[in-house]
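Below are the chains, spelled out letter by letter.
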Amino acid sequence: MSPRLFLQVASVEMRKRMSYRVDFWINAFVGFAAELTVAWFLWTALYAESGKSVIGGYDFDTMLVYYVFVIVFSRLVRGTEFEANVSQDIYEGGLNRYLVFPASYFGLKYAQHIGGLFPTIVQTGAFVAFWLIATGGAGGESITPTGVLMCAASLILANLLYYAMSFPLHVTAFWADNVWSLLVTLRFASNLLGGRMFPLVLFPLFLRNANEWLPFRTLFALPVEALLGRISFDAWLQGMAVGLVWLVVLAQVGRAVWRRGNLQYSGIGI
Amino acid sequence: MTIAALSRASTMIRVRDLQKTYYVHEKAPGLWGSIRSLVARKRIAKQAVQGVNLDVEEGEILGLVGPNGAGKTTLVKMLAGIIHPSGGDAQVLGHTPWERHNDFRRQIALIMGQKAQLWWDLPAADGFLLLKEIYRVPDERYAKNLAYLAEVLDVTKHLNVQVRRLSLGERMKMELIAALLHEPRVVFLDEPTIGLDLTAQRAIRDFLLAYREEHRPAMILTSHYMEDIERLCKRIVIIDGGEFIYDGPLERVAKTYATQKVITAHLRANVGTPIDLTAFERFGELLPAEENEVKLRVARDAVAEAAAALLAGLPVADLSIDEEDIGTIIERIFRERRVESS
């Protein structure tokens, strides 16, 4: 797929998303505010009940900073619409249109995914800037240019990795009548093991060790830890390597399932 | 056959013994059926296309006619490369469609009347730009084709309107533009006029004929509107139960299958007393007719006798003898097949 086509598809998707301006901002603000409020109440209670000022190496302010970034980054990693698209294309026959196009379906979908992310990137920038200005900094953490670069690289990998993780699940729609439960399972597992629910340092040691070899940590914890400087360069590199290996494996799995599923496809909808 | 050989013979679509079997799961009704289906489901094979053969030439519009579930759309989907067959072979422009080579996909178009191809939330012009990139249409050719198609279909002023805000007819015209911008050599049209008003149907038929004259693509058209078929296709394939039951000129359908004719007697306007028509029922079936008109459907070999009786028994001002319309003939073919198979 040519870069020009990729950009064109992404641009169309971006314009499409921006055309719903009210929905665009309400969705972003309400979701962000609700999640952060829940985290605030929960951790206020936990710190008060435990009588500790530091839990798992995080004081209350830093914990909130962790949540601010993990909430906005998870939007960048997951995107907003891709999850509903591929399996829906298969169920409803929307795939027919793409199969006739002389272009890769994966490529077109990923370009749409990236295009759909653009508004989220704008929102993320706005939220982070607002938070940093409102609170006067990132808690007790120092954000360095190196940390920003490591975080950016992690986010790119995490975005690709989540796409590669969810794609084979969507493609099972060729056989299954409903893949919703698989997607919910992925969301739950990635939230829990990816550090989206709480910092991974709160897990027991054996689980933390095992999780280092799974793909989930790369999704949310790695970018946030890199940004906040809570991970060494070597540990970050190892996390990236694990994520990269999983990306290659999952891409191959996705490709194999796609090929197999295509033989089953009946093109419902025309 | 190589592409070059195909070009020489101008056969653009070649189908041999093509088959498609779908497998569907059956679930018994009710709660118990739902519970049982969690453990074991009954799998049923449905032969949608049963070993069909077909050749379509350059510039030909082939009409594919059949009732719902006959296998028309399945055949089109295989030829467009959307689904894989269960057996047999097909070559479209020298390519096996379901291998989906980009070179093949750049030369075909699929227009689905029941399924929007364009992006609903964007103006059609934005969608066309995207298709320009997908099909790699050079700038100059794109501008020329878009201007031509939009003008002929009379939608130039709607190009910058969001697709979702267009009327059904305007939307279908935009779909046609989207499908033809890249000048495909093979076009599959699946119910292109479905749901449209008569004016829009006519406009689309006229456009398709003009397009065929100019570009000479091979086209396969499926439609439930016989007017589409009669106006656009010289050759039709009648398909039922996944089998071709007729493949030949449209005009020969009447000769082959029409066993009856319709005699219309136009009576003199000043006929005062009510006329008793029961005497004519022995010749055939009396059909509903206009005032001062008698319509009688009779077997072909009884036409002369029935016409003579009408002329002798009624104050006839004019008399016409017509073939049954093609839609009626085809409907009867399907009805008779249903009766035979049951």
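The structure this text deals with has already been given above.
What you see is a predicted model, and the numbers here were worked out from it, not measured in a lab.

Along chain A, the regular secondary structure elements total twelve helices and two strands. Listing the helices and strands of chain A from first to last along the sequence gives α-α-β-β-α-α-α-α-α-α-α-α-α-α. Here the C-alpha radius of gyration of chain A, 20 Å, is about what a compact globule of 270 residues would show, namely 18 Å. On the principal axes, the C-alpha backbone points of chain A span a range of 65 × 45 × 35 Å. Among the 270 residues that make up chain A, the fraction classed as buried is 50%.

Before going further, it helps to spend a moment on the overall build of chain B. Assigned secondary structure in chain B consists of twelve helices and 13 strands. For chain B, the C-alpha atoms occupy an extent of roughly 70 × 55 × 50 Å along the three principal directions. Relative to its full complement of 342 residues, chain B shows a buried share of 51%. Expressed as a percentage of contacts within chain B between residues at least 6 apart in sequence, the contacts between residues at least 24 apart total 72%.

Turning our eyes to something else, we now look at the sheet that holds strand β4 (residues 87–92) of chain B. Residues and elements named next belong to chain B. Taken in spatial order, the three strands line up as β2-β1-β4 in an open sheet, and their pairing is antiparallel. The open sheet is flanked by β2 (42–57) and β4, the only strands paired with a single partner. Averaged over all adjacent pairs, the angle separating strand axes in this sheet is 25 degrees, with direction ignored. By the bridge criterion, five bridges tie strand β1 (residues 11–26) to β4 in an arrangement that is antiparallel. What sits directly across from Val 15, in β4, is Ala 90. Against the sheet, helix α3 (residues 72–79) makes contact with β1, β2 and β4, and its axis sits at roughly 120 degrees relative to β1, the strand it touches most.

With that settled, consider helix α10 (residues 250–257) of chain B. Residue and element names in this part refer to chain B. Turning to α10, its buried residues number three or more, namely Leu 250, Val 253 and Ala 254. Taken down its axis, α10 places every buried residue within 95 degrees of arc, on the same side. The exposed residues of α10 that point more than 90 degrees off its buried face are Glu 251 and Lys 255. At its buried positions, α10 is contacted by α9 (226–232), β8 (235–240), β9 (243–249), β13 (316–323) and α12 (326–341).

Membership of the largest hydrophobic core comes to 117 residues, with the highest contact counts inside it found for Ile13(B), Leu79(B), Phe128(B), Ile177(B), Phe188(B), Ile220(B) and Ile236(B). The residues contacting Phe188(B), other than those within four sequence positions of it, are Ile13(B), Val76(B), Leu79(B), Ala80(B), Ile108(B), Ala109(B), Leu110(B), Ile111(B) and Ile220(B).

Tracing the backbone shows Ser74(A) in helix α3 (residues 60–78). In this structure, Ser74(A) is in contact with Gly79(A), Arg196(A) and Phe220(A), ignoring residues within four places of it in sequence.

As a further point, take the interface of chain A and chain B. Of the residues lining the interface, 31 residues belong to chain A; the matching set on chain B comes to 32 residues. A buried area of about 2,900 Å², summed over both sides, lies between chain A and chain B, and 59% of it is on carbon and sulfur atoms. Ionic pairing is found between Arg4(A) and Glu133(B), a salt bridge with its closest N-O pair at 3.0 Å. For the pair chain A and chain B, the interface holds five residue pairs in polar contact (both at pLDDT 80 or more). Of all elements in the fold, only α1 (3–18), α5 (95–100), α6 (105–135) and α12 (233–264) of chain A reach the threshold of two or more residues within the side of chain A that touches chain B. Tallying contributions element by element places α1(A) first for the side of chain A that touches chain B, with seven residues.

Here we come to the pattern of salt bridges. Inspection of every chain in the model, using the stated rule, returns 14 salt bridges over all chains. Across the salt bridge formed by Asp89(A) and Lys109(A), the nearest N and O atoms sit 2.9 Å from each other. Here Asp89(A) is found in helix α4 (residues 82–92), whereas its partner Lys109(A) is found in helix α6, with 20 residues between them in sequence. With a relative accessible area of 9%, Asp89(A) lands in the buried category. One salt bridge in this structure joins Asp228(B) and Arg205(B), with 2.5 Å as the shortest N-O distance. Taken together, the residues span a long stretch of sequence, with Asp228(B) in helix α9 and Arg205(B) in helix α8 (residues 198–215) at a distance of 23 residues.

What follows covers the packing of helix α7 (residues 145–171) of chain A against α12(A). Residues and elements named next belong to chain A. Where α7 meets α12, the axes come as close as 9 Å, and the angle between the chain directions of the two elements is 25 degrees. With respect to each other, α7 and α12 are oriented roughly parallel. The interaxial crossing formed by α7 with α12 has left-handed handedness. Of the residues in the contact of α7 with α12, the class split is 21 nonpolar, three polar and no charged.

Moving on: empty space enclosed by the protein. According to the stated counting rule, one finds two cavities of 30 Å³ or more in the structure shown. Of the volumes computed, that of the largest cavity is approximately 120 Å³. In this structure, the largest cavity is lined by 14 residues; those nearest its centre are Phe101(A), Gln117(B), Tyr135(B), Ala178(B) and Ala179(B). For the lining of the largest cavity, the elements supplying multiple residues, two or more each, are α5 of chain A together with β5 (108–112) and α7 (168–180) of chain B. For the lining of the largest cavity, a count of residues per class yields ten nonpolar, two polar and two charged.

For the rest of this paragraph, the subject is the sheet that holds β8(B). Sheet strands pair via backbone hydrogen bonds, and the direction of the pair is either parallel or antiparallel. Residues and elements named next belong to chain B. Across the sheet, six strands lie side by side as β5-β6-β7-β3-β8-β9; this open sheet has mixed pairing. Two strands close off the open sheet at either side, each with one partner strand: β5 and β9. Mean inter-strand twist for the sheet, computed between neighbouring axes without regard to direction, equals 15 degrees. For β5 and strand β6 (residues 186–190), the ladder comprises five bridges, and the chain directions are parallel. Opposite Met 112, over in β6, you have Asp 190 as the bridge partner. Across the sheet, α7 is in contact with β5 and β6; its angle to β5 comes to roughly 165 degrees. Along the sheet, α12 makes contact with β3 (61–65), β8 and β9, crossing β8 at roughly 25 degrees.

Conventions we followed
Residues numbered from 1 in each chain as written. Chains lettered and ligands numbered in written order. Predicted model: local features only at pLDDT ≥ 70, side-chain atom pairs only at ≥ 80, totals over all residues. Heavy atoms only, no water. Helix = DSSP H or I, 4+ residues; strand = E, 2+ residues; numbered from the N terminus. Rg over C-alpha atoms; globule rule 2.2 N^0.38 Å. Buried < 20%, exposed > 50% of the residue type's maximum accessible area, 1.4 Å probe, protein only. Contact = heavy atoms within 4.5 Å. Pairing = 2+ DSSP bridges. Axes fitted to C-alpha atoms, helices over the stretch in contact; angles between N-to-C directions. Arc of directions from axis to C-beta. Core = buried A, V, L, I, M, F, W, Y, C linked by side-chain atoms within 4.5 Å. Buried area = accessible area lost by both parts, 1.4 Å probe. Salt bridge = Lys/Arg side-chain N within 4 Å of Asp/Glu carboxyl O. Polar contact = N/O pair within 3.5 Å; in protein donor to acceptor, adjacent residues only side chain to side chain. Parallel < 35°, antiparallel > 145°, perpendicular 65-115°, else oblique. Left-handed = near helix turned anticlockwise from the far one by under 90°. Nonpolar A, V, L, I, M, F, W, Y, C, P; charged D, E, K, R; others polar. 1 Å grid on protein atoms, 1.4 Å probe; cavity = no way out; pocket = protein on both sides within 12 Å on 5 of 7 lines; lining within 4 Å. Points joined across faces, edges and corners; volume = space filled by probe spheres on them.

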